[in-house]
Amino acid sequence: MNVLVFASRKGGAGKSTLAAHLATYIAEHSNSTLLIDGDPQGSLSLWHRLRGEEQPALKTSTRSLGQTLERAERDGVEWVIIDTPPDASPPVAEAIRHATLVVIPMRPGLFDLAAVRETIQIARDLGKPYAVVINAAPARRGRQDDAVVADARGALNGLKAPVWSGQITHRPEMTLSLSYGEGVKEYGARSVGAEEIRQLWLALTRTVDAVQAAYRRPGTRRVDA
Ligand SMILES: Nc1ncnc2c1ncn2[C@@H]1O[C@H](COP(=O)(O)OP(=O)(O)OP(=O)(O)O)[C@@H](O)[C@H]1O
Ligand SMILES: [Mg+2]
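On a predicted model such as this, the values are computed, not experimentally measured, just so you know. (Residues numbered from 1 in each chain as written. Chains lettered and ligands numbered in written order. Predicted model: local features only at pLDDT ≥ 70, side-chain atom pairs only at ≥ 80, totals over all residues. Heavy atoms only, no water.)

S.K.: Any chance you could explain the overall build of the chain here in plain terms?
M.R.: Secondary structure assignment for the chain yields nine helices and six strands. Relative to a compact globule of 225 residues, whose C-alpha radius of gyration would be 17 Å, the chain shows 16 Å and is just as compact. Across the 225 residues of the chain, 52% fall into the buried class. Considering only residue pairs separated by 6 or more positions, the chain has 74% of its internal contacts joining residues 24 or more positions apart. (Helix = DSSP H or I, 4+ residues; strand = E, 2+ residues; numbered from the N terminus. Rg over C-alpha atoms; globule rule 2.2 N^0.38 Å. Buried < 20%, exposed > 50% of the residue type's maximum accessible area, 1.4 Å probe, protein only. Contact = heavy atoms within 4.5 Å.)

See the structure below:
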């Protein structure tokens, strides 16, 4: 079982948005997906009520997270996606402790970078692989990153933080789809947003495969994504 934990101390970075889009994308290919809404704000629970469908399954983390995950594993769940609140509270650290990979969404910008450092530090302290995902970015021109994204990448490189080479662009369909209880691919199968989520999913699965392979090798304690 693979556990993706969406974490960032910065509110509005896109944790719940990316968690919902990815979970619907994965659920299309497998029935064994579980979303855990670990944020008392309940963003994903609200979206799931609007959705009115069982897949992807959603649980709020009222019981101990460890027990919920043990049960999911027994039930044959393949992918667990955990959304967390925008802070560095013990429940966030607890979720990160259970992560196969910590996904840290970040809007490109100075204040966002400052907040992300703290989340990176928690992942590092707990010896957990993590990757920063640039979200809500200005559109690329051809293959060229916008200046604000290039700047953010430079700063993240300075922190030696692994960053996804792609980006999730700021697009109306990323928000509108959620208002209908949908994922972006369900809302617009040929939309740019759907393609970007597909690319993100490919990158995350490759990273998770590498992490799992490294943990299987004797003597390996930690891997950076
Ligand atoms: N790529 C995007 N394009 C357009 N809008 C986006 C994008 N990503 C996020 N948003 C919008 O930004 C707002 C904040 O996103 P979201 O709620 O997912 O952030 P969050 O990190 O979960 O915030 P919080 O920490 O408060 O839970 C939402 O209104 C969401 O629809
Ligand atoms: Mg949220």
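Next comes the rest of the description.
S.K.: Got a minute to help me understand the layout of surface pockets in this structure?
M.R.: Looking at the largest pocket, its volume works out to about 270 Å³. Lining the largest pocket are 20 residues, with Ser16, Thr17, Ser43, Leu44 and Asp83 sitting closest to its centre. Of the residues forming the lining of the largest pocket, the biggest block, five residues, is contributed by helix 2 (residues 43-51). The residue inventory of the lining of the largest pocket, partitioned by class, reads eight nonpolar, nine polar and three charged. (1 Å grid on protein atoms, 1.4 Å probe; cavity = no way out; pocket = protein on both sides within 12 Å on 5 of 7 lines; lining within 4 Å. Points joined across faces, edges and corners; volume = space filled by probe spheres on them. Nonpolar A, V, L, I, M, F, W, Y, C, P; charged D, E, K, R; others polar.)

S.K.: Is there a simple way to explain the sheet that holds strand 4 (residues 79-83) in this structure?
M.R.: In a beta sheet, neighbouring strands are held together by backbone hydrogen bonds and run either parallel or antiparallel to one another. Reading across the sheet, the six strands line up as 3-2-4-1-5-6 and stay open at both edges, with parallel pairing between neighbours. Since the sheet does not close on itself, it has two edges, and those belong to strand 3 (57-60) and strand 6 (130-134), each with one partner. The sheet shows a mean angle of 25° between the axes of neighbouring strands, direction not considered. In this sheet, strand 4 lies alongside strand 2 (residues 33-37) in parallel orientation, the contact comprising five bridges. When the sheet's bridge partners are listed, Ile36 is paired in strand 4 with Ile82. Strand contacts of helix 5 (residues 110-125): strand 5 (101-106) and strand 6, with the helix running at about 175° to strand 5, the strand carrying the most contacts. (Pairing = 2+ DSSP bridges. Axes fitted to C-alpha atoms, helices over the stretch in contact; angles between N-to-C directions.)

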